[in-house]
Amino acid sequence: MLEGVVPFPPEFAQRYRAKGYWRDKSLAQEFSSVFHQYQSRIALVDGERQLTYGDIDRLTDNLALNLLELGLKPLDRVVPTLPNIAEFVILYFALQKIGAIPIAALVSHRFAEINQFVRLSGATACIYPERLGDFEFEPMIRRVQQGNAQLKHSIPLSLLKQLIEKKANLSKEKLRDIRIDPTDPCIFQLSGGTTGIPKLIPRTHNDYSYNSRTAAPVCGVTRDSVLLLALPAAHNLPLACPGIQGYFFQGGKVVLSPTTRPEEIFKLVERHKATHIKVVPALLIRLINDPAIASYDLSSVKIIQSGGQRMQPEVRLKTQRLIPGAFVQENFGMGEGMLFFVRPDDPAEVKLETCGRPICPDDEVRLVDNDGREVPDGEVGELTCRGPYTLRGYFGVPEYNAKQFTPDGFYCTGDLMRRHPSGNYVVEGRKKDLINRGGEKISAEEIENLILMHPAVQNVACVPVHDANLGEKMCACLILKPGKGLQFPELVEFLKEKEIAKFKLPESMLVVDEFPVSTFGKVSKKALSEMAEKNANH
Ligand code: AMP
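Let us now look at the overall build of the protein chain. Scanning the protein chain for helices and strands turns up 19 helices and 26 strands. The C-alpha atoms of the protein chain give 23 Å as radius of gyration, which agrees with the globular expectation for 538 residues (24 Å, within 12%). Here the C-alpha coordinates of the protein chain stretch approximately 70 × 55 × 55 Å along the principal axes. When the 538 residues of the protein chain are sorted by exposure, 60% land in the buried category. Taking contacts inside the protein chain between residues at least 6 apart in sequence as the whole, the part at least 24 apart equals 71%. In the protein chain, the 66 positive side-chain charges and the 65 negative ones have mean positions that sit 3 Å from each other.

Right, dumping it as structure tokens:
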């Protein structure tokens, strides 16, 4: 097993195998049967390109062999930053065939993030588009290489396309010779940003396959299902919950949308008669408020699956009015594993109020107080959980894991919840220090550490302020050094120089003389949030 991965204790592994959750197959083995079984069916649509399962099998074999020839090996870590294009999907399954481990980076990540992912994972390859908009990736990757000697391969999209098409020199036997341990990671997802430095989430072949196979029927996915995917495909929900993997397991079809522009999405839904759309509430809000919605036939849509953020009941109700045949299915999930879904046959008020319940009978949920004691039923506590597809530790950070996991292996999520009498759960807030901007999580500490480097800043606290579209936006609350001044545009420029993803830039600033403190003498971010919100509304 890859060093730095925390294994499931043997007694749990045994139980998960005995119950059939873990099948001890690599994702490559799992999908080899899938590609074979559904050979002639369309699996993937990207613009005018339509690929069958057979095509994907052939192209991923070919790419895997070419990557092997280039020097990639089992357990190598690879950082792709690709948009929603067929090449991403082909790369993902080709890496699985080699037993290499992709890191779920985004096309919006910049030097600061890519450099961290490469360093933390020890990645040997980066795969990226040459340019996107006015941003050139190549010089950035070169700089990452300068500081990371092990990063041998830099593969721009044009080369990736050649490697997919160019007939491989190596024989297919080479792939059959590769041995993959199904308890090893098949991907590193990225933690939702509770600390300054992102953590890598090892998802194993056994657990990631179970995750998607089990989520698919819960979301009504069948071989006739057509998923419209506009959210970044590497994220856990679009990739695996049930995501691309889950639709493929069922023999369904995935239509990639390279953009989140509502009208483009409507066009694709109408053209391909999409049955499912994957959204975060922020995207759904854009869709239902775009006047173009009335010009398209969206009646094929049966399920709109929403996760990553709390869904406001008004959004659900308006969606139901505009797309009456669609069920807005709430999903609470996380890169770390645990997945809740509202079920289609839950009573109406349960659908409206709750974020669902776990997908596996052996998912264990405990809501606990600050001392780790389980709260009485119906009261609010922190969600702690363990189960057959929830991690037992982040990659290579034992000290951090000691804080984030209980001694008996429950992952402490930092989310506050209450059990609803129906058995479903209701999100009540969170105690972790992040901003949930349209489903993308921003670590307050990460941005605070950067802002503290500014010569005019004495102290800083980044807090969420409510936003009608995105759910939350970040406000940087500052105490300036005596006699110093700082304007908001200057702060943004300063942060841009730190080369972080654009979605992490604060969207407002509040200068105060001192921070409000709680009864324990700690900075009260709650009070600061309220101040920032009042300020924003002026
Ligand atoms: P990520 O790993 O980026 O998917 O983020 C996981 C976190 O997103 C969870 O721990 C929650 O804080 C938040 N989250 C996910 N789904 C929901 C939901 N349905 N309602 C509220 N918060 C959610």
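Next, the rest of the story.
Attention now goes to helix α18 (residues 488-496). Within the span of α18, buried status applies to L491, V492, F494 and L495. All buried residues of α18 project into a common sector of 160 degrees when viewed along the axis, lining one side. Looking at the buried residues of α18, the elements they touch are α17 (444-451), β25 (471-480) and β26 (508-511).

A word on the site of the ligand. Of all residues adjacent to the ligand, which total 14 residues, the nearest are E330, N331, G335, D415 and K432. Between the ligand and Q309 there is a distance of 3.4 Å, counted from a nitrogen atom to a backbone nitrogen or oxygen. Between a nitrogen atom of the ligand and a main-chain N or O atom of R310, the distance comes to 3.3 Å. When the free accessible area of the ligand is taken as 500 Å², the share hidden by the protein chains comes to 91%. When residues of the shell around the ligand are assigned to their parent elements, the largest contribution, five residues, is made by strand β15 (residues 327-334).

Quick look at the sheet that holds β15 now. The sheet built from nine strands is open, its strands ordered β2-β1-β12-β11-β13-β14-β15-β16-β17 with mixed pairing. Taken across any chain shown, the strands that pair with only one partner, and hence form the sheet edges, are β2 (49-52) and β17 (357-358). Bridge analysis of β15 against strand β16 (residues 337-341) gives four bridges, and the strand direction is antiparallel. Bridge pairing in β16 links M334 to G337. Across the sheet, helix α13 (residues 281-288) is in contact with β13 (276-279), β14 (303-307) and β15; its angle to β13 comes to roughly 120 degrees.

A few words now on the domain arrangement of the protein chain. Many structure descriptions define interface size as the accessible area lost when the parts assemble. Split by domain assignment, the protein chain resolves into domain 1 (53-180) and domain 2 (434-536). Once you take the C-alpha centre of each, domain 1 and domain 2 turn out to be 35 Å apart. Each partner contributes residues to the interface: domain 1 has eight residues there, and domain 2 has nine residues. Across the domain 1 to domain 2 interface the summed buried area is about 580 Å²; carbon plus sulfur atoms make up 45%. Summed over the three residues of domain 1 that lose the most area to domain 2, namely S108, A112 and E113, the buried surface amounts to 48% of that side. There are two salt bridges connecting domain 1 and domain 2.

A separate point is the sheet that holds strand β18 (residues 364-368). Sheet architecture is open: four strands sit in the order β18-β19-β20-β21, paired in antiparallel fashion. In this open sheet, the two edge strands, each paired with only one partner strand, are β18 and β21 (425-430). Taking the axes of each pair of neighbouring strands and ignoring which way they run, one obtains an average angle of 45 degrees across the sheet. In terms of strand pairing, strand β19 (residues 381-386) meets strand β20 (residues 411-419) through four bridges, oriented antiparallel. Paired with E382 across the two strands is L416, which belongs to β20.

Using the criterion set out here, one finds 37 salt bridges in the structure. For the salt bridge of D377 with R419, the shortest nitrogen-to-oxygen distance reads 2.9 Å. Linking D377 in the loop between β18 and β19 with R419 in strand β20, this pair joins segments that are 42 residues apart in sequence. The exposure class of D377 is exposed, given its relative accessible area of 61%. Across the pair K525 and D433 runs a salt bridge whose closest N-O atoms are separated by 2.9 Å. With K525 in helix α19 (residues 525-536) and D433 in the loop between β21 and β22 (434-437), the pair connects residues that are 92 residues apart, well separated along the chain. A relative accessible area of 32% places D433 in the partly exposed class. Salt bridges sharing partners connect three or more residues here, namely D57, D61, K97 and K172.

Conventions adopted
- Residues numbered from 1 in each chain as written.
- Predicted model: local features only at pLDDT ≥ 70, side-chain atom pairs only at ≥ 80, totals over all residues.
- Heavy atoms only, no water.
- Helix = DSSP H or I, 4+ residues; strand = E, 2+ residues; numbered from the N terminus.
- Rg over C-alpha atoms; globule rule 2.2 N^0.38 Å.
- Buried < 20%, exposed > 50% of the residue type's maximum accessible area, 1.4 Å probe, protein only.
- Contact = heavy atoms within 4.5 Å.
- Lys, Arg positive; Asp, Glu negative; His and termini not counted.
- Charge placed at Lys NZ, Arg CZ, Asp CG, Glu CD.
- Arc of directions from axis to C-beta.
- Near = heavy atom within 4 Å.
- Polar contact = N/O pair within 3.5 Å; in protein donor to acceptor, adjacent residues only side chain to side chain.
- Areas by Shrake-Rupley, 256 points an atom, 1.4 Å probe, with all protein chains shown as cover.
- Pairing = 2+ DSSP bridges.
- Axes fitted to C-alpha atoms, helices over the stretch in contact; angles between N-to-C directions.
- Domains from an automatic or database assignment.
- Buried area = accessible area lost by both parts, 1.4 Å probe.
- Salt bridge = Lys/Arg side-chain N within 4 Å of Asp/Glu carboxyl O.

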